Amino acid sequence: MRFLSRFQWVFFTLFAFSGVVNAERVTVDLNPEWKFSLSDIKNAANSDFDDKQWQDVSVPHDWAFNKGIREGGDQGANGGYFDGGVGWYRRSFEVDESWLNKRVLLNFDGVYMNSEVWVNGHYLGKKAYGYISFRYDISQFIKAGENNISVRVDNLKEPSARWYHPAGIYAPVSLIVKDAQASINTNGVFVTTQTKNANLAVAKVKVEYSNSHSEAMYVESELIDQAGNSTVYDSQALTACSSKPCVFNTELSIAKPSLWDVETPHLYTLKTTLRSANHVFDSVETHFGIRDIKWDVETGFWINGENTKLKGVSEHWEGGPVGGAWTKPLLRWKLALFKEMGVNAIRTAHNPYPPIFYELCDELGILVMDEIFDGWHKKAPFDYGQQAFDTDWQEDVSEWLTRNRNHPSIILYSVGNETRGEEIGEELVNYVHAIDPTRPVTSGHSASAKMDVFGVNGGSEKTQFFTNQQPNKPFVATEAPHTWQTRGYYRSKTWLRDGNHSERQGIFDLPDLTDKEIFTYEWAAPDKWKNHKQHFNSSYDNATVRISARKNWELMRDLPWFSGHFRWTGFDYYGEAGYVHGGWPFRLFMGGALDVAGFEKDLFYFYKSQWTEEPFVHLLPHWTHPRMQANTEIPVWAYSNCEEVELFLNGQSLGRDNLGTKWDEMQAEWMVPWQEGTLVAHCYIDGKRMATTQQVTAKSPSQLNLQLEDEFLTVDDGAAIITVSLEDKNGIYYPYGENRVYFHIEGSASIRSLENGDPVDTSKNVGINHRKAFMGATRAFLDVPDTKQNLSVISGAILGDKSLFSSNEIHIDVKTLTLVGTPKNNNIDIYYTTDGSQPSKLSKKYQGPFKVTPKTEVNATVYVNDNLVFTMRESFADGSGLYWGNADQTVNRPAALGAMPARDAQLKGAIKGKNFVDFKGKEGSITWYQENDGEHGLNQLEFTYALNDKNKRRDMDLIVNGKKIATVKFENTGSWNKKWKKAKLIAPLGAGANYIELRTSGSSGPNIKSLSITPKADE
């Protein structure tokens, strides 16, 4: 009878519905045409408030990123020195009279944080968490015609995260209009699948809906494959419902299913329609994939019966060149770069992302470890754990799960990261299972005994981790390995973070490449460093906490129970620049395989050599070493997925090297005596040459090369990425180039960001027309709202060796890149001065290269078709730019000086001096944040201080994670700022987040310069 009723219903629909009234839901894009003010304005929520003087913006919008950074930025060193504050947004929208009888929802995909919303002056509510979607029913507050939305976003309490966070409406906004009496609930469709065999899969569909109509109602389920073909149709009558919500369940049989996996991410669309015989009330499309996953203690992770290693990266939403304001085209570009590298998994560290991310992962075939929280208690001074976790976590977890549970890309949920609380951890796991029982739950080493999958962060890098007995659970390295690289920077000596060689760290062997350091350039002279953390990191995979990327991959590949890893990180990101990199002017965490501009580091090519199959070869380092003594032996490496590589120098073969499977054989390598010329590498499989690359010695930069990055992004997508490279006269990339590059847009486009990846470039990304190159290149990221209009980019630079060491010859180059339309023959005139004055058309006209002396400032004006497009400036041999010293100056960095500056800590009652903190005779405290990515244990704490109080000591209480540990005795040193001593003591630190506080106890405190932490070996 059930089959007959369905058949009769289908037959009836074919003949009786020609006059159906279609009233399906309407979604309205509210991303453009917002007004914004970075201030807290009284009465801004009123519907008649005059916002004409406010700034015009579009969503996504991140005011913190747009404003730029400053040394005293509200978010502090961990937040990349960005600011917080209060911002207001306002927007009008039109309401059709027919909507007054509808249910209208105002939907936000992400607002950071503490947002409050009004419509037509009516207060709707507040959402504390900045990393979750939310919505309000505005049906009773709207009117026909013009309506107004007001949004107040409060980021006054900073820091509110342990990394840089966005500020404002950083993700899409929309209106959803649907029937007031009969509709499918938000996130109300849940599809689970099971593959029976190669010819059959079953999709179980659960629909939550509301219905107060008295007429007979039906639910239609139509399944559409990726080619757009309707493959399954089902229709069933609804029975009376008294519960809230109403629930409908059905099963759909899918013949010869196309499975979703990382190589063939086939997606289906389920169209669910709520209707009567002659009226469509609501319709929702749900995208899903058919795939089976399994986590096994002995063999790791499986998808569709295939044992699969998770080749993953942990990634902050803000990692990359646009802050938190990702558009979908730019986010697709970022994820496509990961796929090119061989990445098949991403951990959303440490919060959910907006929906566009999961849509792209489904489409591209990227597995997701979806994380909801960083901490269940305070980790940053004013984070969600401190402000709202206790009251809001259930609501936010419910939104997260019901919104994301249909995405086939999500294979694992994570409920926390390096936080504490067995009881709340267990409660979270049970809550997740109740809403979505189809996926296991893990954490970043938090309440691990309560998790389904054993997730370990930095502790999974230790030698002893692989010899200790593991829990009887599937295992994944949730945050490993931790290695650092600065694009284009090399050191031949191994570097361990803070010089740490403690046995407790379990450090793997990582020998030096040479007996003495052979590279000597740095970002600045050592006397300009605030501490000895302030340096770049080598690109040889020899800068780490305790394990190299190569060794970590070897272990993961060869141990069956090792499901995979999420390395820290994929892209560099803004923030956490204090405790690792020493603080201002360092602004970035340099753990990515790509820098923050999306330029590939050498590490990118290591992973590509191990994780991809299309033959390639990559050489490092570059072959431009103007200050290196001839015949100095340089370690030359080749990453390749071929079997062997042959290296040539100036046409002479230096031999072939086989690529192996052990960690120290994963690169082909040679010791090559330095001489100018050309390095060429050929890679071979079965004796056949498969790929070639080269590195050529470059002279000083004299021209620009503009390139549109169009492999994963086209202008038709509404965005464009322009790479500008500095080259010598022969078109050879100059790897030390650091001249300013200027941009002018002709056409319908705007600059979303200018970024170069330089860890110490503290200039703005937004609202400027130039950015210096870093290690030879920089990028412009454009929004292109109208892809039909002519569009071109004009770029210029005053070019030369900043130090004038290689040459004192200066070139001025201006290039045009046409993005849309036919290239024009522009007439370009350049006028310049060398005395620091501003040039005019009466100044010298540029006809060719000229020479300058040290400390010369060159200024130039550029006219295109007689219109001034930009004015340029560059200085030479003035002490700015890369520092070229010697090994003793730039290499010998004592571990004891790898300290956390007091200036970068959280201060109460104290003020910042030049390079220390001064209590000025008053009471107060200094609180450092330290993230212990290993296990709990004893550590030596060393406070550097100065004190000139001859009458008494100024002892202070040491408080660790809210508990008083000891009293630190500070003896007189004889000076307030010249004679410094160290106060040492042993204290326990926990795994994960630690707050180390020095608090005065009635006699004020000394001047404090820094805190150093050294793990003690187990006794």
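Predicted model only: the values in this text are computed from it and were never measured.

Regarding the domain arrangement of the protein
(1) Moving on: Under the domain assignment used here, the protein contains domain 1 (31-170), domain 2 (182-289), domain 3 (293-611), domain 4 (625-696), domain 5 (703-879) and domain 6 (900-1015).
(2) Moving on: Here domain 3 and domain 5 have C-alpha centroids that lie 35 Å from each other.
(3) Moving on: Buried area between domain 3 and domain 5, both sides added, is near 2,400 Å², and the carbon and sulfur share of it is 67%.
(4) Moving on: A salt bridge links Arg587 to Glu755, with the nearest nitrogen and oxygen atoms 2.7 Å apart.
(5) Moving on: The tally of links from domain 3 across to domain 5 stands at 12 residue pairs in polar contact (both at pLDDT 80 or more).

Thoughts on the environment of Ser725
(1) Moving on: Its place among the elements puts Ser725 in strand E45 (residues 719-727).
(2) Moving on: Sequence separation between Ser725 and Pro511 is 214 residues, and the spatial gap between their C-alpha atoms is 34 Å.

Here we look at the pattern of salt bridges
(1) Moving on: All told, the structure shown has 61 salt bridges when counted by the stated rule.
(2) Moving on: Between Arg70 and Asp74 there is a salt bridge whose closest N-O contact spans 3.1 Å.
(3) Moving on: Residue classification places Arg70 among the partly exposed residues on the basis of a relative accessible area of 38%.
(4) Moving on: Of the charged contacts, one joins Arg103 and Asp137 as a salt bridge, the two residues approaching to 2.9 Å between their closest N and O atoms. Of the two residues, Arg103 is situated in strand E6 (residues 102-108) and Asp137 in strand E10 (residues 134-137); the sequence distance between them amounts to 34 residues.
(5) Moving on: Taking the relative accessible area as the measure of exposure, Arg103 reaches 29% and is therefore partly exposed.
(6) Moving on: According to the relative accessible area criterion, Asp137 is partly exposed, its value standing at 33%.

Regarding the side chain of Arg740
(1) Moving on: Along the polypeptide, Arg740 turns up in strand E46 (residues 740-747).
(2) Moving on: Polar contacts involving the side chain of Arg740 include one to the main-chain carbonyl oxygen of Arg873, which spans 3.0 Å.
(3) Moving on: Residues in contact with Arg740, not counting those within four places in the same chain, are His770, Arg771, Lys772, Gly796, Ala797, Ile798, Arg873, Glu874 and Ser875.

Rules behind the numbers
- Residues numbered from 1 in each chain as written.
- Predicted model: local features only at pLDDT ≥ 70, side-chain atom pairs only at ≥ 80, totals over all residues.
- Heavy atoms only, no water.
- Domains from an automatic or database assignment.
- Buried area = accessible area lost by both parts, 1.4 Å probe.
- Salt bridge = Lys/Arg side-chain N within 4 Å of Asp/Glu carboxyl O.
- Polar contact = N/O pair within 3.5 Å; in protein donor to acceptor, adjacent residues only side chain to side chain.
- Helix = DSSP H or I, 4+ residues; strand = E, 2+ residues; numbered from the N terminus.
- Buried < 20%, exposed > 50% of the residue type's maximum accessible area, 1.4 Å probe, protein only.
- Contact = heavy atoms within 4.5 Å.

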